[in-house]
Every structure is written in C-alpha cells, then in structure tokens.
Amino acid sequence: MMRSFDAHAKTLAPSVLTLVFSIFTPKHKPPSLSLPLHFSSSSHTSSSRFFSNATTISNPPMIHGIRNFESLFTVRVFSSSLAASLQHLEEECGGVKLPPLEVVGDGSYGGLEEETKLSLPVRAYFFSTSVDLKSLVEQNKLNFIPPTSRMTNYVVLKFGNHYDPTGSGGCCISGSECIYMVVFQYGSIVLFNVREQEVDEYLKVVERHSSGLLSEMRKDEYEVRENPALHTWMQGGLDYIMLQFLDIDGIRTIGSVLGQSIALDYYGRQVDGMVGEFTDINRGMEKTGTFTMDRKKLFQLVGKANSNLADVILKLGLFERSDIAWKDAKYGQIWEYLRDEFELTQRFASLDFKLKFVEHNIRFLQEILQNRKSDFLEWLIIILISAEIAISLYDIVRRSL
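Residues numbered from 1 in each chain as written. Predicted model: local features only at pLDDT ≥ 70, side-chain atom pairs only at ≥ 80, totals over all residues. Heavy atoms only, no water.

Undergrad: An account of the overall build of the chain is requested, with residue identities and associated values reported.
TA: Of the regular secondary structure elements, the chain holds 10 helices and 13 strands. Evaluated residue by residue, the chain yields a buried proportion of 39% over its 401 residues. Taking contacts inside the chain between residues at least 6 apart in sequence as the whole, the part at least 24 apart equals 70%. (Helix = DSSP H or I, 4+ residues; strand = E, 2+ residues; numbered from the N terminus. Buried < 20%, exposed > 50% of the residue type's maximum accessible area, 1.4 Å probe, protein only. Contact = heavy atoms within 4.5 Å.)

Undergrad: Would you mind going over a negative patch on the surface in detail, with residue names and values included?
TA: Together, Asp239, Asp340, Glu341 and Glu343 make up a region of like negative charge exposed at the surface. Its location among the elements puts Asp340 in helix α9 (residues 329-341). Taking the relative accessible area as the measure of exposure, Asp340 reaches 56% and is therefore exposed. (Patch = residues over 30% accessible without salt bridge, like charges linked within 9 Å, V, L, I, M, F, W, Y side chains within 5 Å. Areas by Shrake-Rupley, 256 points an atom, 1.4 Å probe, with all protein chains shown as cover. Salt bridge = Lys/Arg side-chain N within 4 Å of Asp/Glu carboxyl O. Lys, Arg positive; Asp, Glu negative; His and termini not counted. Charge placed at Lys NZ, Arg CZ, Asp CG, Glu CD.)

Undergrad: Report on the nonpolar core, specifying residues and quantitative values.
TA: Formed by 61 residues in total, the largest nonpolar core has its most connected members in Ile241, Ile254, Ile334 and Leu365. If one sorts the elements of this core by residue count, helix α6 (residues 248-288) sits on top with 15 residues. (Core = buried A, V, L, I, M, F, W, Y, C linked by side-chain atoms within 4.5 Å.)

Undergrad: How would you summarise the packing of aromatic side chains if you had to cite specific residues and measurements?
TA: As enumerated under the stated definition, the model contains 10 aromatic pairs in all. One aromatic cluster is present, formed by Phe126, Tyr266 and Tyr267 through successive ring pairs. Here Arg225 stacks its cationic end above the ring of Tyr240, 3.8 Å away from the centre of that ring. Here the guanidinium or amino end of Arg321 rests over the ring plane of Trp326, the centre of that ring lying 5.1 Å away. (Phe/Tyr/Trp six-rings, centres within 6.5 Å; stacked < 30°, edge-to-face > 60°. Lys NZ or Arg CZ within 6 Å of the ring centre and 35° of its normal.)

Undergrad: Describe the side chain of Ser210, and please don't skip the residues or the numbers.
TA: Secondary-structure assignment places Ser210 in strand β11 (residues 210-226). Judged by relative accessible area, Ser210 falls into the buried class, the value being 16%. Within polar-contact distance, the side chain of Ser210 engages the backbone oxygen of Val206 at 2.8 Å. Those residues in contact with Ser210, other than ones at most four positions away along the chain, are Phe127, Ser128, Ser130 and Val131. (Polar contact = N/O pair within 3.5 Å; in protein donor to acceptor, adjacent residues only side chain to side chain.)

Undergrad: Lay out unusual backbone geometry in plain terms, naming residues and giving numbers.
TA: Within the chain, Asp239 stands out as a residue other than glycine whose phi angle is a positive 60 degrees. Within the element layout of this structure, Asp239 appears in the loop between β12 (234-237) and β13 (240-243). For Asp239, a relative accessible area of 48% gives the class partly exposed. Of note, the phi angle at Glu343 is positive, near 55 degrees, even though the residue is not glycine. On the secondary structure map, Glu343 appears in the loop between α9 and α10 (344-400).

Undergrad: Explain the pattern of salt bridges to me, and be specific about the residues and the numbers.
TA: A full pass over the atoms with the stated rule returns 19 salt bridges. Among the ionic pairs, Glu198 bridges to Arg195, the shortest N-O distance being 3.0 Å. The buried category is assigned to Glu198, whose relative accessible area is 3%. Accessibility expressed as a relative area gives 17% for Arg195, which makes it buried. A salt bridge links Arg225 to Glu223; the nearest nitrogen and oxygen atoms lie 3.1 Å apart. In this structure, Arg225 and Glu223 share a single accessibility class: buried. Several salt bridges converge on common partners, so that one network encompasses Arg123, Glu196, Lys219 and Glu221.

Undergrad: So what about the packing of α6 against α10? Which residues, and what values?
TA: Direction vectors running N to C along α6 and α10 enclose 30 degrees, while the axes themselves pass 9 Å from each other. Judged by the inter-axis angle, α6 sits roughly parallel to α10. The element α6 and its partner α10 pack so that their crossing is left-handed. For the contact of α6 with α10, the per-class residue count stands at 19 nonpolar, 5 polar and 4 charged. (Axes fitted to C-alpha atoms, helices over the stretch in contact; angles between N-to-C directions. Parallel < 35°, antiparallel > 145°, perpendicular 65-115°, else oblique. Left-handed = near helix turned anticlockwise from the far one by under 90°. Nonpolar A, V, L, I, M, F, W, Y, C, P; charged D, E, K, R; others polar.)

Undergrad: I'd like a rundown of a nonpolar patch on the surface, residues and numbers included.
TA: A cluster of nonpolar side chains, contributed by Ile381, Ile385, Ile389, Leu393 and Ile396, occupies part of the molecular surface with about 480 Å² of accessible area. Tracing the backbone shows Ile385 in helix α10.

Undergrad: Can you lay out α9 for me, pointing to particular residues and giving the numbers?
TA: One full turn of an α-helix is made of 3.6 residues, so residues set three or four places apart face in the same direction. For α9, with 13 residues, the first-to-last C-alpha span of 18 Å sits near the 18 Å given by 1.5 Å per residue. Buried residues of α9: Tyr331, Gly332, Ile334, Trp335, Leu338 and Arg339, and no others. All buried residues of α9 fall inside an arc of 160 degrees around its axis, so they share one side. Residues of α9 that are exposed and point over 90 degrees away from its buried face: Ala329 and Asp340. Tucked into the core, α9 has its buried residues touching β11, β12, β13, α6, α8 (323-327) and α10. (Expected span 1.5 Å × (residues − 1). Arc of directions from axis to C-beta.)

Undergrad: Can you lay out the environment of Cys178 for me, pointing to particular residues and giving the numbers?
TA: On the secondary structure map, Cys178 appears in the loop between β8 (154-159) and β9 (179-184). Accessibility expressed as a relative area gives 1% for Cys178, which makes it buried. In this structure, the C-alpha to C-alpha distance between Cys178 and Phe159, residues 19 residues apart in sequence, is 6.2 Å.

Undergrad: Hey, could you go over the pairing of β13 for me, with residue numbers and the actual values?
TA: Every second residue of β13 is oriented toward a common face, with Tyr240 and Met242 on one face and Ile241 and Leu243 on the other, all of them buried. Sheet analysis places β11 next to β13, joined by 3 bridges and oriented parallel. Looking across to β13, one finds that Val224 is bridged to Ile241. Bridge count for β12 against β13 is 4 bridges, and the pairing is antiparallel. Paired with Gly237 across the two strands is Tyr240, which belongs to β13. The antiparallel pairing of β12 with β13 creates a hairpin that spans 2 residues between the two strands, and Asp239 there sits at a positive phi of about 60 degrees. (Pairing = 2+ DSSP bridges.)

If you want it as structure tokens, here you go:
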C-alpha cells in the first residue's frame, strides 16, 4: 500500500516542481483591488479603510499559498515526496537553497490564511434633548431612507461618500460600504462606519435641527462584524456583535438599542445629581436639625424628577419592542441580545429606584414646608386674635372712663 502511494507521489513530483518553481519565478505583480471598506483582522490596530486582496511574499519568503482574484489556493505536498522534489529543484536552480515550508497543524505543508472579517465601528452620541426630524429630512432628502415600520421617532440617513456629508458623491455597492446615521427625536445619534476624525461634520448636520443642546456630550462606542461564513445568524462578543450580514433593518435594530442606551445614561446621571443634592440636604439636617431649602427650589426638583421619568418612558420608548423585531425573529434576537448586553432593563430599574428615593425625599420636605406654613398661619391667627382682644379691652376701658 505505501509503495503504491509513494510511486503515485513520485509521478506527481514534476507537476509539484513546476508549481513550486512558479511561486519563486519573478512575475509582474497583479493589480490590487481596493475596496472602500473598513477591513480588520483579529487586531484592531489597523486604521486604514482600504485593503488589497493581492498577496505579497515577505523576505525571507515563506510559502503561504497562491491567491488570485477568485479564491485562495493552498499548496499541500505530502512529506514522502517533498524532500526529493525540493532537492531536485535545488539542483536545477544551480544549488540555490529554497526556504523552508511552513507546516500546518495536521502535518501537511501549506499556508494558513488569517481569518479576516469586515468590521464596522458604531458610535452613539447624545448632545441635545430634542431633534426636529421633519426639517432634518427636508434638508437631506437625497440621503433619507424611507421607513419600513410604524416607528416615527427616528430617521435613517445614508451617505455614500466618506468625505462628503452632503451625500452628493457616488453610490455604494454594499450597504456596509456606506455611512449610515440613525437620528432619534429625543436627541440620540448613532453613526455606522464613521471614523473618529469625521464625526464632527456629521454631527453638525443634525445640530442645526436640534434644541436643548447640552453642555456635555455623551458618547459610547460599539462594533459590528460581518462574517458570511458564520454558522449561526449572530454571535456576541466583548463590545461587538458578529452577524452573517448587516442590512438596513439590522442598522435600525442596533441603532434603536444604542440610542436608548446613551440617552438612558444621560438621564441616569441627571437623577444621580438629584440624589446627591438630597443626600447633602439630609446630611445638613442631621447636623443642624433643620434645612434651608425654599419652596421654589423644591418645586423645581419635583418638576425635574417627573420630566426625567416621563422622557425615559414616553420619548425613549424603553418598553416598546421594535416593529422590525416583531416581524422577523432574526432581528428580534439582535434586539434582545443588545438589550441584555447594555443592561437596559437593569439600568431602568436602578433609575426607577433612585427616582423613588427622590420622590420620598420630596414628599418628606414638602410636609416639612407645609408644616412650616401651617405654623406660620397659626401664629398669625393667634396674633390677630390677640390684637382684636387688646383693641376690645382698650375700647371697654375708654368707655368706662
């Protein structure tokens, strides 16, 4: 059996020699095919959006395979005939020593292609409390993508040119090659496939239609990876989600969760500020036995607490399931995974607990202020009655004289 196997391998030696010799024969390098994609491998240190699928050989050269524009061919040679073939090839080349071959894990020789995936950065921002979506769409009609659901609290804009936020340049072959911007009525903005240095010019597109601008902008980052060879529809990871492919409904679904998350972070910090203020009041009461807050300030805190709760429930739609997630189980899986990933339910529960603490303190302080007012009115009545008695006594004494 082994003899016949070796005999068969020796008959393959000329073709193997020809193939190996062709690798080291200088040829004109094929033209590289550049695609406007943000392409990354297992490392995220690459900052370039452009990649080439033409393979170069480093120095010293290592045989990793032959790559053309259609697929990757890997040279695999059995060890029984490889040594003899290389020795014969070295003799034909005039004694030139060939570089060693890389051994793959199964004992055969050939190349290992590093697994590469299309990576899309996702950045969420919150810098205002309201956006006029109607005027935004009016000035960006060419970039507006019509909705596919009944949700009316957000719009999706598509920009085909990375360097032209007006959207006037070129069209795109794949949705992943374009820039998408999801803008929500409550102030959140989610950018897909935008580099850090390009963020400001896209935010300015929305800033002109925003109101209630904040002194400090909230920011969060995430990552979406596309892998058509993925065995399941989606797979989660540390600060990223991997999908078989990303389409416009996937962008809407991911954008809705990230928009709610960054807005919830803002409202959470607002409530934290109120909790801190009431904590200081309680510590002051602990030391002095009284507090000096006026009624107007207390009513302002009441209004702030109520408006924050209303915004979280009504504007953010935190408990409203996405229509896209209802219609398609795939996007429902994304929606549920991201809500768990960003802990929206737990964060709202924490926010609600803090608001109840604020509400309890407000009610307590209102009772104190009400008691103060009642005491004042009681003393005023006592003074008036005393004054009336004094006047009556004076009148009686004057008449008796």
